[in-house]
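Each chain, letter by letter, is given below.
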Amino acid sequence: MSKSLQAIRGMNDILPEQTPLWRYFEGTVARLLDNYGYRQIRMPIVEFTELFKRSIGEVTDIVEKEMYTFDDRNGDSLTLRPEGTAACVRAVLEHGITGGGQVQKLWYIGPMFRHERPQKGRYRQFHQIGLEVFNLDGPDIDAELIVMTWRLWGELGLRDAVKLELNSLGTSESRGRYREALVEFLSAHLDKLDEDSQRRLKTNPLRVLDTKNADTQAILVDAPKMADYLDDESRAHFEGLKARLDAVGIPYVINPKLVRGLDYYSKTVFEWVTDKLGAQGTVCAGGRYDGLVEQMGGKPTPGVGFAMGIERLVLMLEALDKVPEELSRQVDVYLCAFGEAAELAALALSERVRDQLPNLRLQINAGAGSFKSQFKKADKSGALYALILGDDELAQQVVGFKPLRGQGEQQSIAWDALAAHLATCVVQG
Ligand code: ATP
Ligand code: MG
């Protein structure tokens, strides 16, 4: 195929073999979020570039080198969203739904775009489920986000494969004091830092902490610790969060080097990480951003949120063999009909059955075909049962009912009794 007719590198089709698992995952999360009282919000995929610069921060990896930015026909600079928080904050401000301290517990799902080097678990179009809570400043809500994800890992069978890393970045004041101390320390070792860290020291010094460079890491061993700079408020908040996680029995490790890539975090930051995916080990990440809404032109509004990467979690379900068995079968019953008159009767019958069993996955043969070819299609569909309607059945107003997997003889069932019979032998989701 010529190059122009291929998908863009790092932007993947999700094929019909894969979508059942995606839908299972997305459905599980959506149900959980409903049950905890979160409401879905849907934002556009494109926003003004300025929005991301202002919220994510000019000197972050995302804004510096990962954004898909282009000019609209009228010259406006637009960007495909690299994450969801910025647009969500814009939306709540634009519609005034966090005004007067109104609490909002919101979630969203959809594609995000970052120009990164594509590899397993890292793509240029990827998908996130994220959530944001506004106007709650206590550790109770930070804990709820984590407790909820813990429940999700439980439902998906992933609990043993993920680890929670926690840190507190403190209030902006305490972070400011820490930043000064860190800059002073790192400046004294400037010539021994890797090039990237030298640059970050000037632009975004906290990010030096999560360098991958071994030499810089060695220097960081003696660096001042964020925990020593937390003010009482931040410390109490962090203790409140830990107490709640302890109460539920959620294990965690404190990672003092966890600073997160984005500028806007304060107090709590956390990541759920796994060692089952190689280098792309973070499956869910988030934290508190009490200053962001104000920074974007709103009234001071506390906020906290997270986002999880759907591709990575789907990969994990596959790698750990946690794909539910029932996803492999998409059809319960396959209806074969032979001849025009039988086809008409089959269609009418199938619609009556659907009226009575709305969750039945009934596939009716299309394209006619011989007995042999229709049976082959029935078998290939994965259906548990085939229904057969030919001239004889038509005359007697019955269908042949034939189990396709395992034992059982073919039997005749009256049209009027078909729905009741299917209800007894097909487990309906
Ligand atoms: P990473 O450190 O892996 O680059 P990040 O800190 O840039 O992640 P966030 O912006 O916090 O990621 O996004 C939240 C989650 O979205 C990540 O934990 C990950 O699961 C997923 N994610 C981020 N970038 C990608 C990507 N390029 N491809 C696939 N998933 C991604
Ligand atoms: Mg990244």
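For the structure itself, look to the data block above.
What counts, and where the lines are drawn
- Residues numbered from 1 in each chain as written.
- Chains lettered and ligands numbered in written order.
- Predicted model: local features only at pLDDT ≥ 70, side-chain atom pairs only at ≥ 80, totals over all residues.
- Heavy atoms only, no water.
- Buried < 20%, exposed > 50% of the residue type's maximum accessible area, 1.4 Å probe, protein only.
- Helix = DSSP H or I, 4+ residues; strand = E, 2+ residues; numbered from the N terminus.
- Contact = heavy atoms within 4.5 Å.
- Pairing = 2+ DSSP bridges.
- Patch = residues over 30% accessible without salt bridge, like charges linked within 9 Å, V, L, I, M, F, W, Y side chains within 5 Å.
- Areas by Shrake-Rupley, 256 points an atom, 1.4 Å probe, with all protein chains shown as cover.
- Salt bridge = Lys/Arg side-chain N within 4 Å of Asp/Glu carboxyl O.

Describe helix α11 (residues 310-319), with residues and values.
Every α-helical turn comprises 3.6 residues, leaving residues that sit three or four positions apart pointing alike. Counting buried positions along α11 gives seven out of 10 residues, so the element sits mostly inside the fold. Taken together, the buried positions of α11 are occupied by Ile-310, Glu-311, Arg-312, Leu-313, Val-314, Met-316 and Leu-317. Elements in contact with the buried residues of α11: α1 (19-35), β5 (104-113), β6 (125-134), α5 (139-156), β10 (282-288) and β11 (303-309). Positive phi appears at Asp-321, one or two residues downstream of α11, with a value of about 60 degrees.

Could you give an account of the pairing of β6, naming the residues involved and the relevant values?
Among the 10 residues of β6, nine are classified as buried, and the element is accordingly described as predominantly covered. Bridge analysis of β5 against β6 gives 10 bridges, and the strand direction is antiparallel. Directly across from Leu-106, in β6, lies its bridge partner Glu-132. By the bridge criterion, seven bridges tie β6 to β11 in an arrangement that is antiparallel. Bridge assignment links Gly-130 to a residue of β11, and that residue is Ala-307.

Which residues make up a nonpolar patch on the surface, and what values do they have?
Together, Ile-45, Val-46 and Phe-70 line one region of the surface with nonpolar side chains, adding up to about 210 Å² of accessible area. Tracing the sequence through the fold places Ile-45 in the loop between β1 (39-40) and β2 (46-48). Residue class for Ile-45 comes out partly exposed when judged on its relative accessible area of 33%.

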